[in-house]
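Reading the structure
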Amino acid sequence: MTAVDWQNLVQGIPSLLRGLLVNLEILFGLIALGFAVGILIALIQVYSPRPLSALAVGYEWFFRGVPEMVLLMLIYFGLRQFRVGITPFIAAVIALGLRSSAYQSQIFRGAIQAVGRRQMMAALSVGMTRLQAIRHVILPQALRLSIPPWSNEFSSVLKDTTLASAIGVIEVFKKARFIMGRNYALALPIFMVVALFFLFLTYAGNWALGALERRYRIPGFEAKGAGERF
Amino acid sequence: MALLVVEDLHKRYGKEEVLRGVSFVLERGETKVIIGPSGTGKSTLLRCINRLTEPDRGRIWLNGVEVTSPRTNIYKIRAQIGFVFQDFNLFTHLTALDNVRLGLIRVKGMGKREATERAMRELERVGLGDKADAYPAQLSGGQQQRVSIARALAMDPKLILFDEPTSALDPELIGEVLQVMIELAEGGMTMLVVTHEMGFARSVADEIIFMEKGVIVEQGPPEVLFTNPRVPRTAEFLRKITEFYGESG
């Protein structure tokens with residue numbers, strides 16, 4: 001690499017970081033959406049009677065079955081066709097968020113079922129309603145159990161935010177391609193920088209999740225906590 | 001008026017008819033013990049009483065209110081009936097104190113301070129005042145079961161149902177739980193207890209109900225059932241269970 005290449009690379013980094021910020025915004029949006037809808041779908045699948053729970057299973061099947069790229073196109077161009085004004089950013093959050101909700105729902109469903117019916121029965125036996133039992137007894141335990149598998153989903157959706165470039169969101173991947181387009185000598189280094197960004201974010205995110213897991217570990221179950229060796 | 005009236009209760013799971021017409025009455029302050037071979041519907045019967053399991057047929061009254069009526073607020077009924085499970089079923093993510101306090105705050109709408117005081121009193125009553133901050137996994141089985149009794153007591157129940165409360169315990173831990181139950185019975189609590197502890201049944205129960213295959217075979221005061229049962233099958237069962245479990249407790 002020549003001195004000019006190096007200069008271009010260094011000059012490109014602030015622009016990359018601004019792009020990365022967009023990825024983080026998409027990430028927070030899609031995780032929040034996926035979390036809320038995911039819990040709802042899981043609760044419906046576990047506790048609802050047949051017609052509603054079958055609907056939830058259908059939802060989960062659709063959003064786990066359709067490729068993410070196709071979902072992005074469906075939502076962005078599809079809504080535009082119906083003259084619904086939607087920005088690429090919002091479309092990306094919705095498409096990736098709904099996809100994630102289907103995956104997250106199965107994490108939560110597994111955790112809720114692992115907590116077990118007997119905890120529900122004990123809560124009902126003191127006079128709690130099902131909603132109270134879910135809120136105060138089932139979910140606090142299920143969410144703790146969800147953290148390890150959820151960290152998988154986090155790592156996965158973090159990287160998926162780069163797919164938003166396909167519908168025109170100017171995020172880090174798109175920015176890297178701009179920079180490469182102006183100077184092909186930067187092709188390798190610029191994507192190495194992008195890779196490093198994501199490696200760092202994956203590390204930071206999983207570290208935070210590990211800290212969360214330790215923070216909410218239930219005493220007496222220490223051996224099952226994060227970072228323990230057997 | 002009797003505190004609890006159970007009339008012609010039926011329950012079937014698929015092809016198996018677990019309860020086939022069970023009727024009995026429980027007076028205020030009375031302790032009745034239900035015995036019988038496993039798989040005869042004893043646990044199902046208890047769960048039908050507060051409708052944790054919905055009975056197929058039959059009626060139940062608590063204090064004159066029909067529990068089985070669709071118009072009855074079942075949550076209010078359950079708050080008046082304590083339930084002690086075989087495997088404790090403490091809320092695993094909560095301390096002993098919070099286990100006892102949760103129902104007071106969420107169901108009875110008690111303020112936090114008042115609920116804490118009440119919960120502490122109940123924990124002390126079962127001898128666990130010093131374990132208020134312990135989580136279930138940090139307690140022995142006997143201690144967990146005593147917390148679950150405190151959880152039931154805190155709600156001021158009219159009646160407590162015990163579903164084999166000592167069956168999951170190591171033998172040396174059974175005594176501490178039975179002791180608490182004996183004190184409750186002597187204090188006038190109304191209790192319906194499914195158990196294999198014949199010593200407890202004999203010394204504490206006002207009446208023993210012998211159930212088999214979903215029906216009540218015989219019921220009566222312990223001295224009658226143990227010494228002079230009407231039905232030969234009762235005598236046979238009592239002999240077997242006394243040989244197996246002994247009379248301790």
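See the structure shown above.
Report follows, based on the coordinates. Since this is a predicted model, take the numbers as computed values, not measurements.

Thresholds, definitions, all that
- Residues numbered from 1 in each chain as written.
- Chains lettered and ligands numbered in written order.
- Predicted model: local features only at pLDDT ≥ 70, side-chain atom pairs only at ≥ 80, totals over all residues.
- Heavy atoms only, no water.
- Phe/Tyr/Trp six-rings, centres within 6.5 Å; stacked < 30°, edge-to-face > 60°.
- Helix = DSSP H or I, 4+ residues; strand = E, 2+ residues; numbered from the N terminus.
- Buried < 20%, exposed > 50% of the residue type's maximum accessible area, 1.4 Å probe, protein only.
- Lys NZ or Arg CZ within 6 Å of the ring centre and 35° of its normal.
- Polar contact = N/O pair within 3.5 Å; in protein donor to acceptor, adjacent residues only side chain to side chain.
- Contact = heavy atoms within 4.5 Å.
- Buried area = accessible area lost by both parts, 1.4 Å probe.
- Salt bridge = Lys/Arg side-chain N within 4 Å of Asp/Glu carboxyl O.
- Nonpolar A, V, L, I, M, F, W, Y, C, P; charged D, E, K, R; others polar.
- Pairing = 2+ DSSP bridges.
- Axes fitted to C-alpha atoms, helices over the stretch in contact; angles between N-to-C directions.
- Parallel < 35°, antiparallel > 145°, perpendicular 65-115°, else oblique.
- Left-handed = near helix turned anticlockwise from the far one by under 90°.

The next thing to look at is the packing of aromatic side chains. The tally for this structure, following the rule as stated, stands at eight aromatic pairs over all chains. Between Trp-150 of chain A and Phe-154 of chain A, the aromatic rings sit 6.4 Å apart at their centres with planes inclined by 25 degrees, giving stacked as the arrangement. With Trp-150 of chain A and Phe-154 of chain A both in helix α6 (residues 130-160), this residue pair falls four residues apart, about one helical turn. Note on Phe-210 of chain B and Phe-237 of chain B: the rings are 5.0 Å apart at their centroids and 25 degrees apart in plane angle, and the pair reads as stacked. Within this pair, whereas Phe-210 of chain B is found in strand β9 (residues 207-212), its partner Phe-237 of chain B is found in helix α9 (residues 232-245), the two being separated by 27 residues in sequence. For Phe-210 of chain B, a relative accessible area of 0% gives the class buried. Take Phe-237 of chain B: its relative accessible area is 8%, and that puts it in the buried class. Directly above the ring of Tyr-216 of chain A sits Arg-215 of chain A, whose terminal nitrogen or CZ lies 4.6 Å from the centroid. Seen from the ring of Phe-226 of chain B, Arg-202 of chain B lies directly overhead, with NZ or CZ sitting 4.4 Å from the centre.

Further remarks concern the side chain of Gln-141 of chain A. Position of Gln-141 of chain A among the secondary structure elements: in helix α6. For Gln-141 of chain A, a relative accessible area of 7% corresponds to the buried category. A polar contact of 2.5 Å, which involves the side chain of Gln-141 of chain A, links it to the side chain of Thr-92 of chain B. Not counting residues within four places of it along the chain, the set of residues in contact with Gln-141 of chain A comprises Val-115 and Gln-119 of chain A together with Thr-92 and His-93 of chain B.

A few words on the interface of chain A and chain B. Contacts between chain A and chain B engage 22 residues on the former and 23 residues on the latter. Of the roughly 2,200 Å² buried between chain A and chain B, counting both surfaces, carbon and sulfur atoms make up 63%. Where Asp-87 of chain B meets Arg-118 of chain A, a salt bridge forms, and the shortest distance between an N and an O atom there is 2.9 Å. Counting every contact that joins chain A to chain B gives eight residue pairs in polar contact (both at pLDDT 80 or more). Breaking the side of chain A that touches chain B down by element, the ones donating at least two residues are α5 (117-125) and α6 of chain A. A class-by-class count of the residues in the side of chain A that touches chain B yields 11 nonpolar, eight polar and three charged.

All names here are of chain B. Taken in spatial order, the four strands of this open sheet run β2-β1-β4-β5, and their pairing is antiparallel. Whereas interior strands pair on both sides, the edge strands pair on one side only; in this sheet they are β2 (16-26) and β5 (65-66). Summarising the sheet, strand β1 (residues 4-13) and β2 pair through eight bridges and their orientation is antiparallel. Bridge assignment links Tyr-13 to a residue of β2, and that residue is Glu-16.

This part covers helix α1 (residues 42-49) of chain B. All names here are of chain B. Extensive coverage of α1 is indicated by the burial of seven of its eight residues. Along α1, the residues classified as buried are Lys-42, Thr-44, Leu-45, Leu-46, Arg-47, Cys-48 and Ile-49. Once α1 ends, the next one or two residues include Arg-51, with phi positive near 55 degrees.

Now for the packing of helix α3 (residues 96-106) of chain B against helix α4 (residues 112-125) of chain B. Residue and element names in this part refer to chain B. Between α3 and α4, the least distance of the axes is 9 Å, while the angle of their chain directions is 125 degrees. Taken together, α3 and α4 sit at an angle that is classed as oblique. The way α3 lies across α4 gives a crossing that is right-handed. Where α3 approaches α4, its residues Ala-96, Leu-97, Val-100, Arg-101, Leu-104 and Ile-105 are matched on the opposing element by Lys-112, Ala-115, Thr-116, Arg-118, Ala-119, Met-120, Glu-122 and Leu-123. Of the residues contributing to the contact of α3 with α4, the split by class is nine nonpolar, one polar and four charged.

Scope: geometric values only; no functional claims are made or implied.
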